[in-house]
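Analysis of the macromolecular model
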Amino acid sequence: MLNGNKVLFSGMQATGNLTLGNYLGALKNWVALADEYECYYSVVDMHSITVRQDPAELRRRARALLTLYIAAGLDPEKSCIYFQSHVSGHAELAWILSCFTYMGELNRMTQFKDKSAKHADNINAGLFTYPVLMAADILLYQADVVPVGIDQMQHLELTRDIAQRFNSIYGDVFTVPEPYIGKIGAKIMSLQDPAKKMSKSDENPNASIYLMDDPDTIRRKCKRAVTDSEGVILYRDEQPGVKNLLDIYCACTSKTPDEAVREFESCGYGQLKEAVSEAVISVLAPLQERVRDLEKDKAYIDKVIHDNAERAAYASSKTLRKVQKKVGFPERIR
Ligand code: ATP
Ligand code: LTN
């Protein structure tokens, strides 16, 4: 039995090209947890349009992201891998939950503040209510656990508050979800500025390793990674660039920082960088090959998209009907 049938929900936006940070901080954990839970992994394309998107590009990226979920090792026969926009329950529940969320709560969200500063010409209502849609994603499936990076904790806290508020009025309708933060790779930093997280929206392409980068590009980016002038390889906060390289190395090889430090005891930064790039290549090369194989099988991906949207719609309809009844919407006549 899957962890007493406990449910897991998570999602990623199809904006920009995924980085090694997205893989080590999120996707890799998803795969590790997939056998333990009943899992829903969504490509949250509805969240993506809170920032202006080119339609053809969004469609291409959303499909590429769904393919990547499978290439990373998620089995669409077991985990439900689907597009958020294919399940209308997300929008329907989000509307209801927005009536149980306060303006003051949404005003405090740091992601809203950051994104509205970055897109000052398009501070739309969707950007403001983004966390309500995220709460709907999670609560619709009665998720027990939500694996996310540290940056999403505030949204998860709000989800828990909304669920508890609703439950206190209408009884036990929603499961109150717990966050899951991975131990290794929870925050991979930029290769060009180890004080900043590696991000897919970074303007400097040398700051991030993209999941589809070829081996030479990976070697070049690692070689150029910012370190320091200490000349020793130790795992400590005073050497953030070296620490980040060791984190990447450990996350890719499943070694501990102690083991890695011992391994590189008598090495220079050049050797460390070489070892890191080879470790990254050995993780990404098979992933890239699976992506290319899957991309050729259009019929298979189409079937996954179709079948899993139906599964997700069915699973979510149970919660949605219950919520509609609780708030007092008239019953449907069959
Ligand atoms: P953007 O730069 O567009 O804001 P992002 O790269 O931060 O995007 P998201 O789509 O916001 O990525 O996040 C997808 C998942 O990847 C989240 O669970 C997030 O916590 C995780 N994640 C993102 N960047 C990193 C990183 N550098 N290290 C570890 N995990 C990360
Ligand atoms: N905001 C999240 C993406 C996201 C999500 C979710 C994550 C949307 N809905 C539900 C977990 C659960 C982000 O990573 N930027």
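Below, the structure is looked at part by part. (Residues numbered from 1 in each chain as written. Chains lettered and ligands numbered in written order. Predicted model: local features only at pLDDT ≥ 70, side-chain atom pairs only at ≥ 80, totals over all residues. Heavy atoms only, no water.)

This next bit is on the overall build of the protein chain. Helices and strands together make up the secondary structure of the protein chain, namely 13 helices and five strands. Against the compact-globule benchmark of 20 Å for 334 residues, the protein chain has a radius of gyration of 21 Å, which places it among compact chains. Counting only C-alpha atoms, the protein chain reaches 75 × 45 × 40 Å along its principal axes. Burial statistics for the protein chain: of 334 residues in total, 50% are counted as buried. If you take every contact in the protein chain between residues at least 6 apart in sequence, the share linking residues at least 24 apart comes to 74%. Total accessible area on the protein chain stands at roughly 16,500 Å², and carbon and sulfur atoms take up 52% of it. One way to put it: in the protein chain the 42 positive side-chain charges average out to a point 4 Å from where the 44 negative ones average out. (Helix = DSSP H or I, 4+ residues; strand = E, 2+ residues; numbered from the N terminus. Rg over C-alpha atoms; globule rule 2.2 N^0.38 Å. Buried < 20%, exposed > 50% of the residue type's maximum accessible area, 1.4 Å probe, protein only. Contact = heavy atoms within 4.5 Å. Areas by Shrake-Rupley, 256 points an atom, 1.4 Å probe, with all protein chains shown as cover. Lys, Arg positive; Asp, Glu negative; His and termini not counted. Charge placed at Lys NZ, Arg CZ, Asp CG, Glu CD.)

What follows covers the site of ligand 2. The local shell around ligand 2 holds 13 residues, among which Phe9, Tyr130, Met134, Asp137 and Gln152 are the closest. Tyr130 is positioned such that a nitrogen or oxygen atom in its side chain is 2.6 Å from a nitrogen atom of ligand 2. Residue Gln152 places a side-chain N or O atom 3.0 Å away from a nitrogen atom belonging to ligand 2. Calculation on ligand 2 without its partners gives an accessible area of 360 Å², and the protein chains cover 90% of this total. (Near = heavy atom within 4 Å. Polar contact = N/O pair within 3.5 Å; in protein donor to acceptor, adjacent residues only side chain to side chain.)

Right, let's talk about the packing of aromatic side chains for a bit. Overall, the coordinates contain eleven aromatic pairs when judged by the stated rule. Note on Phe112 and Phe128: the rings are 5.0 Å apart at their centroids and 70° apart in plane angle, and the pair reads as edge-to-face. Within this pair, whereas Phe112 is found in helix H6 (residues 110-118), its partner Phe128 is found in helix H7 (residues 125-140), the two being separated by 16 residues in sequence. Residue classification places Phe112 among the buried positions, given a relative accessible area of 14%. A connected cluster of aromatic rings, assembled from ring pairs, spans Phe9, Tyr40, Tyr82 and Tyr141. The side chain of Lys243 reaches across the aromatic face of Tyr235, ending 5.2 Å from its centre. (Phe/Tyr/Trp six-rings, centres within 6.5 Å; stacked < 30°, edge-to-face > 60°. Lys NZ or Arg CZ within 6 Å of the ring centre and 35° of its normal.)

What follows is about the site of ligand 1. Inspection of the region around ligand 1 gives 17 residues, with Asp151, Ile188, Lys197, Ser199 and Ser201 positioned closest. In this structure, Ser199 approaches ligand 1 through a side-chain N or O atom, which is 2.4 Å from an oxygen atom. Coverage of ligand 1 by the protein chains reaches 90% of its 610 Å² of free accessible surface. Ranked by the residues each element gives to the shell around ligand 1, the list is headed by helix H1 (residues 20-33), at four residues. Of the residues contributing to the shell around ligand 1, the split by class is six nonpolar, seven polar and four charged. (Nonpolar A, V, L, I, M, F, W, Y, C, P; charged D, E, K, R; others polar.)

The tendency in soluble globular proteins is for nonpolar side chains to be buried as a group. By size, the foremost hydrophobic cluster in this structure holds 64 residues, and its most contacted members are Leu27, Leu66, Tyr69, Val280 and Leu284. Tallying contributions element by element places helix H12 (residues 269-296) first for this core, with eleven residues. Excluding residues within four positions of it along the chain, Tyr69 makes contact with Gly11, Met12, Leu27, Trp30, Tyr41, Ser42, Val43, Leu74 and Ile81. One finds Leu93, Phe100, Val148 and Ala315 within the second-largest nonpolar core, a separate group that totals 40 residues. (Core = buried A, V, L, I, M, F, W, Y, C linked by side-chain atoms within 4.5 Å.)

For the rest of this paragraph, the subject is the pattern of salt bridges. The final tally for this structure, using the stated rule, is 16 salt bridges. Here Glu105 makes a salt bridge to Arg165, at a shortest N to O gap of 2.6 Å. Highlighted residues: Glu105 in helix H5 (residues 103-107) and Arg165 in helix H8 (residues 153-170), separated in sequence by 60 residues. Looking at Arg165, the relative accessible area reads 19%, which means it is buried. Asp151 is paired through a salt bridge with Lys197; the nearest N and O atoms lie 3.5 Å apart. One end of the pair, Asp151, is in the loop between strand E4 (145-147) and H8; the other, Lys197, is in the loop between strand E5 (178-180) and helix H9 (215-223), with 46 residues separating them in the sequence. Each of Glu57, Arg60 and Arg61 takes part in one network of salt bridges that share partners. (Salt bridge = Lys/Arg side-chain N within 4 Å of Asp/Glu carboxyl O.)

Attention now moves to a negative patch on the surface. A contiguous patch of negative charge, built from Asp35, Glu36, Asp75 and Glu77, is present on the exposed surface. Residue placement: Asp75 occurs in the loop between helix H3 (55-71) and strand E3 (80-83). (Patch = residues over 30% accessible without salt bridge, like charges linked within 9 Å, V, L, I, M, F, W, Y side chains within 5 Å.)

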